[in-house]
Amino acid sequence: MDNSSGVGVLDKAALVLAALEAGPATLAGLVAGTGLARPTAHRLAVALEHHRLVARDMQGRFVLGPRLAELSAAAGEDRLLAAAGPVLARLRDITGESAQLWRRQGEHRVCVAAAERPSGLRDTIPVGSQLTMRAGSAAQVLLAWEDPERMHRGLQNAAFSATALSGIRRRGWAQSVGEREQGVASVSAPVRSPGGKIIAAVSVSGPLERLSRQPGRMHAPAVLAAAERLSESLRRAAAD
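Nothing here was measured: the structure is a model prediction, and the numbers come from that model.

Calculation rules
Residues numbered from 1 in each chain as written. Predicted model: local features only at pLDDT ≥ 70, side-chain atom pairs only at ≥ 80, totals over all residues. Heavy atoms only, no water. 1 Å grid on protein atoms, 1.4 Å probe; cavity = no way out; pocket = protein on both sides within 12 Å on 5 of 7 lines; lining within 4 Å. Points joined across faces, edges and corners; volume = space filled by probe spheres on them. Helix = DSSP H or I, 4+ residues; strand = E, 2+ residues; numbered from the N terminus. Nonpolar A, V, L, I, M, F, W, Y, C, P; charged D, E, K, R; others polar. Buried < 20%, exposed > 50% of the residue type's maximum accessible area, 1.4 Å probe, protein only. Pairing = 2+ DSSP bridges.

> Please clarify how empty space enclosed by the protein should be interpreted in this entry.
Gaps left between atoms show up when a probe the size of a water molecule is rolled over them. Going through the model one piece at a time under the given rule, you end up with one cavity of 30 Å³ or more. Here the largest cavity defines a volume of roughly 90 Å³. Forming the boundary of the largest cavity are 15 residues, of which R109, G136, S137, R180 and S186 lie nearest the centre. Among the elements of the structure, strand 3 (98-105), helix 6 (137-144), strand 7 (184-192) and strand 8 (198-207) are those that each provide at least two residues to the lining of the largest cavity. The dominant element in the lining of the largest cavity, judged by the number of residues it contributes, is strand 7, at three residues. Tallied by class, residues from the lining of the largest cavity come to four nonpolar, eight polar and three charged.

> Sorry, what's going on with the pairing of strand 4 (residues 108-115) here?
Here is the key point about a regular strand: its side chains alternate between the two faces of the sheet. Among the eight residues of strand 4, six are classified as buried, and the element is accordingly described as predominantly covered. Here strand 3 runs beside strand 4; their pairing, made up of seven bridges, is antiparallel. What sits directly across from W102, in strand 4, is C111. Counting the residues between successive antiparallel strands, the hairpin from strand 3 to strand 4 contains two residues, one of them, G106, with a positive phi of roughly 60°.

What follows is the structure, given as structure tokens:
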């Protein structure tokens, strides 16, 4: 069967990505797996690495890059956003605090859905807001399950530590107190794709005087339940 699209460079790039689907590969492995000449395989792999479609592991081998996961997650975003509205509204009503859904985009996190507390002192984060990946409970959740190399880069100049991320993986949720903004606390939990990958974080946030210095004690169960409802909605959609 002819798999040629008629655009040679794209066909060759697709061969490189297909070869990496089986796992990490050295340059020699790419050459063997694609049938491309060594200079061509190297040139394409480096170009794909520039666009984050390919990356390197700790041994310097080529692996599929994080941009592919981001694109895959974006493909399911309509289903996620459709489910997010009622789930966030319920979380807001249960906790009495503003609720958000966060996605990672490169070195930032973006608020893709929100349900604001209707009155009183609140932490207002408009949909579309871009915030740092260096602070806040949602940033911790979105980084905690990353591959070791990307996690190491993300921890540089972060307000939290590798030990903190290990604790998040163990208990399944994160909290922050005054990390992103003085006087603000938050609790977050991960949303998982049908394949188990962390694709988003559900959060509640509000003033420290209401959430206390241990906001997870108050709100972690509700946030975890909301994250699981969103994960389950994605699993059901994938099964349809």
